[in-house]
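Now for the letters of each chain:
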Amino acid sequence: MADEFETCVGYGLKLSKRIYYGKELPPAPEAGMSKSSESLLPLAVMVYAVVPEPEAVDNPDVPSYQPYVHGRCDPPAFIPLHMHGVAMEVECCLDHANVSFSGKWRLHCIKTTRKCDCCIAIPMGDQGSILGVEVDITGESYHSQLITAEETKDKEKVNKGGDGRYLKGSIYTFKIPQVGGGTVISVKVTWSQKLAYNEGKFCLSVPFSFPAFVNPISKKITKREKIMLNVNSGFGKEILCKSTSHALKELRREVGKMGFLYEAEVLTWSSADFNFSYSVPSKELFGGVFLQAPRLRDFDERQMFSLYLVPGNNQSMKAFRKDVIFIIDISGSMKGAPFENAKNALISSLSKLNSEDSFNIIAFNGETYLFSSLMEPVTQGAVSEAAQWLSDNLTIGGGTNLLLPLKQALKLLGETTDSIPLIFLITDGAVEDERDICNFVKGSLKSGGSISPQICTFGIGIYCNHYFLQMLAQIGRGYFDSAYDADSVDFRMQRLFATASSVILANITMGDLEHLDSLELLPFRIPDFSCGSPLVVSGRYNGNLPESIKINGTLADMSNFTIELKTRKAKDVQLDKVLARRQIDILTANAWLSESKDLQQKVAKMSIQTGVPSEYTLMILRRTDKGEKAPETILMQEVFNKINSIRQVDSESQKIIFLGRLGVGLGNLTATAANIPPGTEEIKSPEATEMLVKAASNCCSRLLDRCCCMCFIQTCSYMNEQCSIILSQLCVALACFECLNFCYELCDCA
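- Looking up the protein in an unreviewed UniProt entry gives the name VWFA domain-containing protein, with the organism given as Hevea brasiliensis.

So this is what it looks like as structure tokens:
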């Protein structure tokens with residue numbers, strides 16, 4: 001799907017050659033158009049004209065009266081629109097960020113007498129989730145709304161209305177229908193994302209890099225960028241700014257808080273992402289327990305809490321010795337880039353283990369293949385042999401049987417006493433017995449030794465069941481991550497292993513909670529604490545928490561460790577918003593495992609209350625016409641009454657556009673059984689579009705570049721000699737009778 005998107009943008013850039021900007025203005029920049037290796041995926045919020053008919057492409061201000069180009073592009077061409085303004089506000093709290101992006105674009109490439117759909121693309125940072133969308137155009141506006149999935153009856157039809165979809169898991173795209181040429185489109189998008197933690201720093205990275213071809217051609221248009229950044233560490237400790245990509249001006253500073261502003265008039269829009277990092281100086285690990293009362297009209301009336309532990313810069317707490325078993329999927333769908341990138345990440349991770357560690361590798365499809373019958377000590381020779389074994393001894397192919405390698409790994413790690421036994425699972429598929437696997441692993445870990453195995457899981461693509469993998473990691477006190485495309489497997493897998501392999505506190509429990517009337521802990525097993533990532537545990541309770549809570553665990557030397565964390569009310573911290581994405585994911589995994597309808601409904605309610613999408617909610621865009629007041633809330637019954645009344649109404653008068661589910665899904669057994677590689681989807685053949693776009697753009701360039709009528713006549717004479725060839729090629733490619741008129745009008749050979 002991402003490849004098709006890039007192809008459509010490439011056609012759009014070629015088709016934009018039809019646009020004539022006047023003699024006094026330079027032609028549109030073509031940066032990146034000639035570099036076939038340069039990605040055309042958006043690196044910041046962008047808007048595209050969706051052009052199925054090249055004939056509609058022209059400058060709405062300066063018509064060039066070009067020859068008609070009959071025919072349709074299938075898939076349509078995407079022409080990037082010129083951006084006329086951009087502003088962004090970022091709120092960072094704990095390890096969470098809310099980003100509010102506002103921009104203006106002009107439909108500069110469509111005739112004033114024509115309309116086209118506009119595609120809005122929203123790239124987000126790490127673990128990004130769309131929270132809201134507002135689109136204003138002349139005469140109407142659109143506002144996003146989450147509704148429950150259960151209440152839609154005709155899901156096959158309603159989910160396709162706005163063509164909402166993800167590209168590579170982090171770029172969300174959807175369409176606004178029928179916008180008139182020359183119209184200014186204002187877009188405001190809000191999303192949440194996670195701050196990375198790296199070497200004691202909280203790191204923010206927001207997509208904010210715009211290609212040259214979105215810069216307006218006219219020099220009269222003022223280009224002004226603005227970024228507001230507010231940081232609230234939540235810890236009540238002094239924080240230090242470590243790095244920034246843009247020239248931020250400090251506006252205010254308090255204990256634990258900072259405010260910045262970047263504002264500048266620029267010649268071209270930003271070509272770099274917005275990056276910022278800060279640290280909380282502390283030699284010892286630190287943390288706290290934040291408390292918050294339920295909000296007004298909260299469906300859950302219990303109190304909220306969140307426990308945070310941050311590693312600090314304490315070098316005295318050593319990481320555990322590790323006995324690691326990698327379980328890697330070698331089924332047919334992993335063939336090519338998915339396996340090669342996973343293999344490279346595995347070998348790199350092996351090379352970073354210490355000499356006192358041990359390792360093994362189990363490859364699996366329908367069968368299992370062991371690198372060694374015993375755990376191997378980490379030596380340069382053993383790592384080289386493992387790399388050779390992965391490259392030469394494995395044949396990618398076959399089905400997916402996950403239970404057998406997990407049983408073998410648990411058996412190999414059963415005798416561990418003074419180390420962290422770690423199972424690191426890599427897969428791209430779903431299996432039918434996932435719930436049985438979870439229950440088996442849960443039972444096996446209960447009967448384990450003093451330190452039961454930690455399980456970390458890594459999913460590739462969307463065909464694997466991400467919630468099964470999250471649940472398996474939750475049972476094993478480990479971590480989960482995923483890569484939606486093969487290109488990001490290496491980096492994300494190494495990052496996950498770096499966190500999993502640097503555990504400094506294991507078997508963590510919370511004390512002083514026995515007297516509470518009720519307690520919901522998310523996740524239900526507290527993960528082992530790594531120096532590579534803050535620890536976050538949250539939940540709800542009834543009763544009174546003490547002034548401090550004891551956190552108990554086991555250190556690398558097998559001694560006991562205890563720290564008391566003070567409880568305090570969360571001031572200037574909206575816990576429900578900060579924790580929403582994390583809690584929804586955990587509860588969805590719990591609902592999947594238990595098959596509980598009540599839990600599913602709870603997730604849906606939480607999703608609608610916090611505005612964070614889930615597997616049990618859908619997103620809609622509600623259109624409000626000019627002069628009509630947009631309601632602050634939409635009652636569910638009102639929405640579905642509206643749905644029933646508009647199903648047979650023409651799209652011009654529809655009030656609701658369905659974007660569909662924004663969740664990743666619960667796996668795809670059919671795709672797994674068919675060994676379909678991650679990211680593979682049916683893509684429309686671009687051959688017809690390519691020929692039509694080439695003809696249209698070449699026609700325009702000849703027309704606009706002519707210096708005299710005789711030159712143009714000579715060009716047409718040449719075209720006339722080749723008319724039969726061009727005519728037959730276009731007719732075969734387009735299978736459209738209208739393409740006859742194209743050659744006749746262009747070459748005057750009727």
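**Considering the overall build of the protein**
Here comes step 1: Of regular secondary structure, the protein possesses 16 helices and 34 strands.
Here comes step 2: For the protein, long-range pairs separated by at least 24 residues make up 78% of all intrachain contacts whose partners lie at least 6 apart in sequence.

**A look at the side chain of lysine 322**
Here comes step 1: Relative to the elements of secondary structure, lysine 322 occurs in strand S20 (residues 322-329).
Here comes step 2: Note on lysine 322: relative accessible area 5%, which makes it buried.
Here comes step 3: Side-chain polar atoms of lysine 322 contact the backbone oxygen of serine 501, separated by 3.3 Å.
Here comes step 4: Setting aside its immediate chain neighbours within four residues, lysine 322 contacts Leu353, Asn354, Asp357, Ser358, Ser419, Ile420 and Ser501.

**A closer look at the state of the cysteines**
Here comes step 1: The tally for this structure, following the rule as stated, stands at 0 disulfides.
Here comes step 2: Among the cysteines around cysteine 116, which has no disulfide bond, cysteine 118 carries the closest sulfur, lying 4.6 Å off.
Here comes step 3: With no disulfide of its own, cysteine 119 lies 8.9 Å from the sulfur of cysteine 118, the closest cysteine sulfur.
Here comes step 4: By relative accessible area, which is 2% here, cysteine 119 ends up buried.

**Section: the sheet that holds strand S14 (residues 240-244)**
Here comes step 1: An order of S11-S12-S17-S14 is seen for the 4 strands of this open sheet, with the pairing classed as antiparallel. Strands with a single pairing partner mark the edges of an open sheet, and in this sheet they are strand S11 (196-198) and S14. Across the sheet, the mean angle separating the axes of adjacent strands is 25 degrees when strand polarity is ignored.
Here comes step 2: Alignment of S14 against strand S17 (residues 274-279), held across 4 bridges, turns out to be antiparallel. Bridge assignment links cysteine 241 to a residue of S17, and that residue is tyrosine 278.

**What about the pattern of salt bridges?**
Here comes step 1: For the structure shown, the criterion picks out 32 salt bridges.
Here comes step 2: Arginine 623 serves as the salt-bridge partner of aspartate 625, at 3.2 Å between the closest nitrogen and oxygen.
Here comes step 3: Put simply, Asp298, Asp300, Arg302, Glu520, Arg540 and Lys602 are held in one network by salt bridges that share partners.

**As for the packing of aromatic side chains**
Here comes step 1: Under the definition given, this model contains 24 aromatic pairs.
Here comes step 2: Where phenylalanine 101 meets phenylalanine 210, the ring centres are 6.4 Å apart and the plane angle is 40 degrees; that geometry is what we call tilted. Of the two residues, phenylalanine 101 sits in strand S4 (residues 96-106) while phenylalanine 210 sits in the loop between strand S12 (201-206) and strand S13 (224-232), which places them 109 residues apart along the sequence. Neither phenylalanine 101 nor phenylalanine 210 differs from the other in exposure class; each is buried.
Here comes step 3: With a centroid separation of 5.8 Å and an interplanar angle of 20 degrees, the aromatic rings of phenylalanine 359 and phenylalanine 371 are classed as stacked. Pair noted here: phenylalanine 359 is in strand S21 (residues 358-364) and phenylalanine 371 is in the loop between strand S22 (368-370) and strand S23 (376-377), with a separation of 12 residues, a long-range link. Pair check on accessibility: phenylalanine 359 and phenylalanine 371 agree, each one buried.
Here comes step 4: What links up through ring pairs into an aromatic cluster is the set Tyr197, Phe202, Phe260, Phe276 and Tyr278.
Here comes step 5: Against the face of phenylalanine 286 rests lysine 237, its NZ or CZ located 5.4 Å from the ring centre.

**A closer look at the confidence of the model for the protein**
Here comes step 1: The predicted model of the protein averages 85 in pLDDT, with 82% of residues at 70 or higher.
Here comes step 2: Mean pLDDT values for the elements of the protein range from 33 in helix H14 (residues 709-721) up to 98 in helix H7 (residues 466-475).
Here comes step 3: Counting interchain partners and residues more than four positions distant, the pLDDT-below-50 stretch residues 633-653 has 30 contacts.
Here comes step 4: The model gives residues 682-692 a pLDDT under 50, and that stretch makes 27 contacts with residues more than four places away or in other chains.

**Observations concerning helix H9 (residues 575-594)**
Here comes step 1: When the terminal C-alpha atoms of H9 are compared, their 26 Å separation across 20 residues agrees well with the 28 Å that a helix rising 1.5 Å per residue should span.
Here comes step 2: The principal kink in H9, of about 45 degrees, is found at arginine 581.
Here comes step 3: Buried residues dominate H9, accounting for 17 of its 20 residues.
Here comes step 4: Positive phi shows up at glutamate 595, right after H9, with a value of about 55 degrees.

**Section: the pairing of strand S19 (residues 303-310)**
Here comes step 1: Most of S19 sits inside the fold, with 7 of its 8 residues counted as buried.
Here comes step 2: The sheet contact formed by strand S18 (residues 286-292) and S19 spans 7 bridges and is antiparallel. Bridging from a neighbouring strand, valine 289 pairs with leucine 307 of S19.
Here comes step 3: Pairing between S19 and strand S30 (residues 535-542): 7 bridges, direction antiparallel.

**Quick word on helix H4 (residues 380-392)**
Owing to its 3.6 residues per turn, the α-helix aligns residues three or four sequence positions apart on the same side.
Here comes step 1: Compared with an ideal rise of 1.5 Å per residue, which puts 13 residues at 18 Å, H4 spans 18 Å between its outermost C-alpha atoms and is within 8% of the ideal.
Here comes step 2: Considered for burial, the residues of H4 that qualify are Ala382, Val383, Ala386, Ala387, Trp389 and Leu390. Around the axis of H4, the buried residues are gathered within 160 degrees of arc, so they sit on the same side. For H4, the exposed residues set more than 90 degrees away from the buried face come down to Gln380, Glu385 and Asp392.
Here comes step 3: Its buried side turned inward, H4 meets helix H3 (337-351), S21, S22 and S23.

**Some remarks on empty space enclosed by the protein**
Here comes step 1: Throughout the structure, instances matching the rule amount to 5 cavities of 30 Å³ or more.
Here comes step 2: In this model, the second largest cavity occupies a volume close to 50 Å³.
Here comes step 3: Lining the second largest cavity we find Phe299, Met304, Arg540, Asp576, Ala580, Gln583, Met606, Gln609 and Thr610.
Here comes step 4: Counting only elements with at least two residues in the lining of the second largest cavity, the list comes to H9 and helix H10 (597-610).

Cut-offs used in this document
Residues numbered from 1 in each chain as written. Predicted model: local features only at pLDDT ≥ 70, side-chain atom pairs only at ≥ 80, totals over all residues. Heavy atoms only, no water. Helix = DSSP H or I, 4+ residues; strand = E, 2+ residues; numbered from the N terminus. Contact = heavy atoms within 4.5 Å. Buried < 20%, exposed > 50% of the residue type's maximum accessible area, 1.4 Å probe, protein only. Polar contact = N/O pair within 3.5 Å; in protein donor to acceptor, adjacent residues only side chain to side chain. Disulfide = S-S within 2.5 Å. Pairing = 2+ DSSP bridges. Axes fitted to C-alpha atoms, helices over the stretch in contact; angles between N-to-C directions. Salt bridge = Lys/Arg side-chain N within 4 Å of Asp/Glu carboxyl O. Phe/Tyr/Trp six-rings, centres within 6.5 Å; stacked < 30°, edge-to-face > 60°. Lys NZ or Arg CZ within 6 Å of the ring centre and 35° of its normal. pLDDT = per-residue confidence, 0-100. Expected span 1.5 Å × (residues − 1). Bend = angle between axes of the 7 residues up to and from the residue. Arc of directions from axis to C-beta. 1 Å grid on protein atoms, 1.4 Å probe; cavity = no way out; pocket = protein on both sides within 12 Å on 5 of 7 lines; lining within 4 Å. Points joined across faces, edges and corners; volume = space filled by probe spheres on them.

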